[in-house]
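# A look at the structure
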Amino acid sequence: MMLLGSDIDFFLVGPQRTASTWIYRNLLPYLDMPLAVKETMFFDRHFDNGFDWYFKHFTKTGLPRGEVAPTYFHSSNARERIFASFPNAHIVITLRDPIDRIESMYRLYTQYGMYRGSIDDFYFDNGEVRESSRYALNVKAWIDLFGENNITILLEEDRQKDPEEFLRTILSVVSGRHEVSPKKEFTHLNEHETENTAKFPFLALLVQRTGDYLRKRGLYFVINAGKAAGLKHLLLGGRKERAVLSVAARNAIEADLSVDIEQLRVILGRSDLPWCN
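Summary of the structure given here. (Residues numbered from 1 in each chain as written. Predicted model: local features only at pLDDT ≥ 70, side-chain atom pairs only at ≥ 80, totals over all residues. Heavy atoms only, no water.)

## A few points about the packing of helix 4 (residues 98-111) against helix 13 (residues 247-268)
Contact pair helix 4 / helix 13: the axes reach a minimum separation of 10 Å and the direction vectors enclose 125°. The angle between the axes of helix 4 and helix 13 places the two elements in the oblique class. Regarding helix 4 and helix 13, the two cross each other, and that crossing is right-handed. Packed against helix 4, whose contacting residues are Pro 98, Ile 99 and Ile 102, the element helix 13 presents Arg 250, Ile 253, Glu 254, Leu 257 and Ile 261 at the interface. Classifying every residue of the contact of helix 4 with helix 13 by side-chain character gives 6 nonpolar, no polar and 2 charged. (Axes fitted to C-alpha atoms, helices over the stretch in contact; angles between N-to-C directions. Helix = DSSP H or I, 4+ residues; strand = E, 2+ residues; numbered from the N terminus. Parallel < 35°, antiparallel > 145°, perpendicular 65-115°, else oblique. Left-handed = near helix turned anticlockwise from the far one by under 90°. Contact = heavy atoms within 4.5 Å. Nonpolar A, V, L, I, M, F, W, Y, C, P; charged D, E, K, R; others polar.)

This is the structure we're talking about:
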């Protein structure tokens, strides 16, 4: 049962590896977002925990309330549940070159022991990564529910060009405020791009699954204590390996996404969008 008087003002639902952690850290002082954990994963994975569980994540008063939730982007369940509960919420979607994102996702999956194959096979092996790479399909689904006026779409190129304006745009549409910290206080633009493989893949995967179990039960203090103790570095700090797609694999992925990207150009009104050309 939803708490009386509770509401959510916004959701930042760009897919994974589209600067969600960077956005969260830089906008946390201005908004009521979960403090103990960045992503509640409530509307896609933990909905059966109920709204009482969900609203316990929000502790500030007098600030616009919402969350950064990359796993919601391609989840039809999340979209429909959010719309049914908060139809007036503003939806912010951040996107990046799909090839760059797929390479980044591969590095993330190998770091956590979730994939051991080659980077060239990764996209076609992983249905979730493939689904979340269909930007136009998912963006249109959000627009169909919430309407164009309740959707803001930003690109990684915008963030790299002017990070302050990028944050100001998000803050403006979700809160009506325009001031952000000066650039010298920003966390590094690409600080969460990993180049490490898992030192112990099996243990890394076990830790990841244990973390999922703890998140569902709201035991974030255990996860945060493990991070503070250096457990993440111990298990995930393997050899540095900045894997990149071969030309053949890149061409195959671009061919698979070409229609979707062309549709995205139409949605954005950006015929100059350079992705998958």
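Okay, back to it.
## Concerning the sheet that holds strand 1 (residues 10-12)
Read across the sheet, 4 strands follow the order 2-1-3-4 without closing on themselves; strand pairing throughout is parallel. Each of the sheet's edge strands pairs with one partner strand only, and the pair in question is strand 2 (66-68) and strand 4 (151-155). Across this sheet, the average inter-strand angle for adjacent strands is 10°, counted without regard to direction. (Pairing = 2+ DSSP bridges.)

## Structural notes on the nonpolar core
In terms of nonpolar packing, the biggest core is built from 50 residues, with Phe 11, Phe 43, Tyr 54, Tyr 72 and Trp 142 touching the most fellow members. Once you skip the residues sitting within four places of it in the chain, Phe 43 turns out to touch Phe 11, Phe 51, Tyr 54, Glu 67, Tyr 72, Asn 77, Ala 78, Arg 81, Ile 82, Ser 85 and Phe 86. Counting residues in each nonpolar core, the second largest holds 20 residues, with Phe 10, Tyr 24, Phe 166 and Val 180 among its members. (Core = buried A, V, L, I, M, F, W, Y, C linked by side-chain atoms within 4.5 Å. Buried < 20%, exposed > 50% of the residue type's maximum accessible area, 1.4 Å probe, protein only.)

## Digging into helix 1 (residues 20-27)
With 6 of its 8 residues buried, helix 1 lies for the most part within the structure. Buried within helix 1 we find Ser 20, Trp 22, Ile 23, Tyr 24, Asn 26 and Leu 27.

## Notes on the pairing of strand 4
Most of strand 4 sits inside the fold, with 4 of its 5 residues counted as buried. Where strand 3 (residues 90-95) meets strand 4, 5 bridges bridge the pair, whose relative direction is parallel. Bridge pairing links Leu 95 to Leu 155 in strand 4.

## Quick look at the pattern of salt bridges
Enumeration over the complete set of coordinates arrives at 13 salt bridges. We note a salt bridge from Arg 107 to Glu 103, for which the minimum N-O separation is 3.8 Å. Here Arg 107 and its partner Glu 103 are both found in helix 4, 4 residues apart, which amounts to about one turn of the helix. Residue Arg 107 shares its accessibility class with Glu 103, and that shared class is buried. Taking the shortest distance from any N to any O, the salt bridge between Arg 134 and Asp 256 comes out at 3.0 Å. (Salt bridge = Lys/Arg side-chain N within 4 Å of Asp/Glu carboxyl O.)

## Digging into the packing of aromatic side chains
A full pass over the atoms with the stated rule returns 31 aromatic pairs. Here the aromatic rings of Phe 43 and Phe 51 are separated by 6.2 Å at their centres, their planes lie at 65°, and the arrangement is edge-to-face. Here Phe 51 falls in the buried class, since its relative accessible area comes to 10%. Taken together, a centroid distance of 5.9 Å and an interplanar angle of 75° make the contact between Tyr 135 and Trp 275 edge-to-face. A residue pair is termed long-range when its members are at least 10 positions apart, and Tyr 135 in helix 7 (residues 135-146) and Trp 275 in the segment after helix 13 qualify at 140 residues. Pair check on accessibility: Tyr 135 and Trp 275 agree, each one buried. An aromatic cluster is built from Phe 11, Phe 42, Phe 43, Phe 47, Phe 51, Trp 53, Tyr 54, Phe 55, Phe 58, Tyr 72 and Phe 86, whose rings are joined through pairwise contacts. Note that Arg 159 overlies the ring of Trp 22, its terminal NZ or CZ placed 4.7 Å from the centroid. (Phe/Tyr/Trp six-rings, centres within 6.5 Å; stacked < 30°, edge-to-face > 60°. Lys NZ or Arg CZ within 6 Å of the ring centre and 35° of its normal.)

From the geometry alone we can't say anything about function, so treat these as descriptive.
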